[in-house]
Amino acid sequence: METIVLLSPKSPDSTIHVNLKGMNMDFKTLLQTTEYSFIRNHKRFGNRIMFLGIGGSYAYGTNNEGSDIDVRGVALQLPSDLIGLTEFEQYEDDKTDTVIYGFNKLVKLLMECNPNICEMLGLDEDQHLIKSELGQELIDNSRMFLSKRAIKSFGGYADAQLRRLQNAIARDTLSQSDKEKHILKSVMNALDDLNRRYSGKDAGSIRLYIDKAEKPELDTEIFVDADYKHFPLRDYTELWGTMRTVVRDYDKIGKRNKKKDNNHLNKHAMHLIRLFMMAIDILEKGEIITHRTNDLPVLLAIRRGDYMLADGTFSPEFYELLEEYERKLDEAAGKTMLPDKPDRKAVECFVERVNWYAVTGELL
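Residues numbered from 1 in each chain as written. Predicted model: local features only at pLDDT ≥ 70, side-chain atom pairs only at ≥ 80, totals over all residues. Heavy atoms only, no water.

Thoughts on helix α8 (residues 133-140)
Point 1. Within α8, burial applies to Leu134, Gly135, Glu137, Leu138 and Ile139.
Point 2. Elements in contact with the buried residues of α8: β2 (49-55), β3 (70-75), α6 (103-111), β6 (128-131) and α16 (344-360). (Buried < 20%, exposed > 50% of the residue type's maximum accessible area, 1.4 Å probe, protein only. Helix = DSSP H or I, 4+ residues; strand = E, 2+ residues; numbered from the N terminus. Contact = heavy atoms within 4.5 Å.)

Structural data, given as structure tokens:
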């Protein structure tokens, strides 16, 4: 698969990029700078871009003065991708926080109701930077990709945000023994996917448990009993890497920039609620609404830290809000008129139409 990552040095126009990071910038002017010249000049882009828009905080309307500018888009496949030997999934330019997906990759992610991809189709008109006729067709037909899969996809992303909050708060507020219990729970959650993959296979087992610590500075600690045979090495390293990452993250306590980390926690909390809001719209209305105009007072209050207490934990009001949105999501999931799976026949017809144009330059 061709995944291009650009790591070029700063261009002479970098000052323009920084100066334009205001709240009311003209994003289209930004595309004319040298930093974004790849959008105009790369063989895969130029007039092959279906649409390009703003992503991240600027897309949601929750940006502040420190917000980065994210650009997201989709481009037609090259003929060689469709009838030749090349393959293309996405292009990433780290310097400008730009990601442009190949059309076929985008469609696959849309059919899974991937939150990061769905939101690209729910921008306001003035948040589009480039849009072709086929790009408009894709946006106009966004409903054909929507299904009950949004319940798990958006819910899964929200659950990941919630775990980040819980883990960070646990690092700062729990006793050593309670932290050890929290680490154990986090490790077990992280290993769920691996357990599912090897369900029913007799590759061995791993047992994690808490006992009296052997390290003098700890009261209790987690111990491991492992017994594996004929276990794939790459999966073995993934297993231990996952556990190592969780433990290492907890060991960072006392080495953090608390103010900076609290800002990140407030941002995670805001995105947690935003994901619920978007999922509810999809299930109730069949609409993707990325720019949360009507919800900004609540979202910005969370991002400002209005729901965070002095000790770095979140107030009861925040958890009441979270509980209310969890209830609304469950209710919307039970009542939604969306199909179990996206309309595959409609998607297939649209994909054929777009890819025929990508190869021949003619519309079916």
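Considering the nonpolar core
Point 1. In terms of nonpolar packing, the biggest core is built from 62 residues, with Leu138, Ile273, Phe314 and Phe318 touching the most fellow members.
Point 2. The element best represented in this core is helix α13 (residues 258-285), accounting for 13 residues.
Point 3. The residues contacting phenylalanine 318, other than those within four sequence positions of it, are Leu165, Ala269, Leu272, Ile273, Ile302 and Tyr307.
Point 4. Counting 21 residues, the second-largest nonpolar core is a separate cluster that includes Tyr36, Leu52, Ile69 and Tyr91. (Core = buried A, V, L, I, M, F, W, Y, C linked by side-chain atoms within 4.5 Å.)

Points about a negative patch on the surface
Point 1. There is a patch of like negative charges on the surface, built from Glu317, Glu320, Glu323, Glu326 and Asp330.
Point 2. Mapped onto the elements, glutamate 326 comes out in helix α15 (residues 316-335).
Point 3. Residue glutamate 326 is classed as partly exposed on the basis of its relative accessible area, which comes to 33%. (Patch = residues over 30% accessible without salt bridge, like charges linked within 9 Å, V, L, I, M, F, W, Y side chains within 5 Å. Areas by Shrake-Rupley, 256 points an atom, 1.4 Å probe, with all protein chains shown as cover. Salt bridge = Lys/Arg side-chain N within 4 Å of Asp/Glu carboxyl O. Lys, Arg positive; Asp, Glu negative; His and termini not counted. Charge placed at Lys NZ, Arg CZ, Asp CG, Glu CD.)

Looking at the packing of α6 against α16
Point 1. The interhelical angle for the contact between α6 and α16, taken along N-to-C directions, is 165°, at an axis separation of 11 Å. Judged by the inter-axis angle, α6 sits roughly antiparallel to α16. Relative to α16, α6 is oriented so that their crossing is right-handed. Counting all contacts with α6, which are made through Phe103, Asn104, Val107 and Met111, the residues of α16 involved are Arg344, Val347, Phe350, Val351, Val354 and Asn355.
Point 2. Residue composition of the contact of α6 with α16, by class: seven nonpolar, two polar and one charged. (Axes fitted to C-alpha atoms, helices over the stretch in contact; angles between N-to-C directions. Parallel < 35°, antiparallel > 145°, perpendicular 65-115°, else oblique. Left-handed = near helix turned anticlockwise from the far one by under 90°. Nonpolar A, V, L, I, M, F, W, Y, C, P; charged D, E, K, R; others polar.)

Observations regarding the state of the cysteines
Point 1. In the structure shown here, the tally under the stated rule is zero disulfides.
Point 2. Left without a disulfide partner, cysteine 118 is nearest to the cysteine sulfur of cysteine 113, which lies 4.7 Å away.
Point 3. We classify cysteine 118 as buried; its relative accessible area is 1%. (Disulfide = S-S within 2.5 Å.)

Looking at the environment of arginine 292
Point 1. Counting through the fold element by element, arginine 292 comes out in the loop between α13 and α14 (296-304).
Point 2. The exposure class of arginine 292 is buried, given its relative accessible area of 5%.
Point 3. Considering only alpha carbons, one finds arginine 292 and glycine 61, 231 residues apart in sequence, at a separation of 6.4 Å.
Point 4. Once residues lying within four places of it in the same chain are set aside, the contact partners of arginine 292 are Tyr60, Arg274, Met277, Met278, Asp281 and Leu299.

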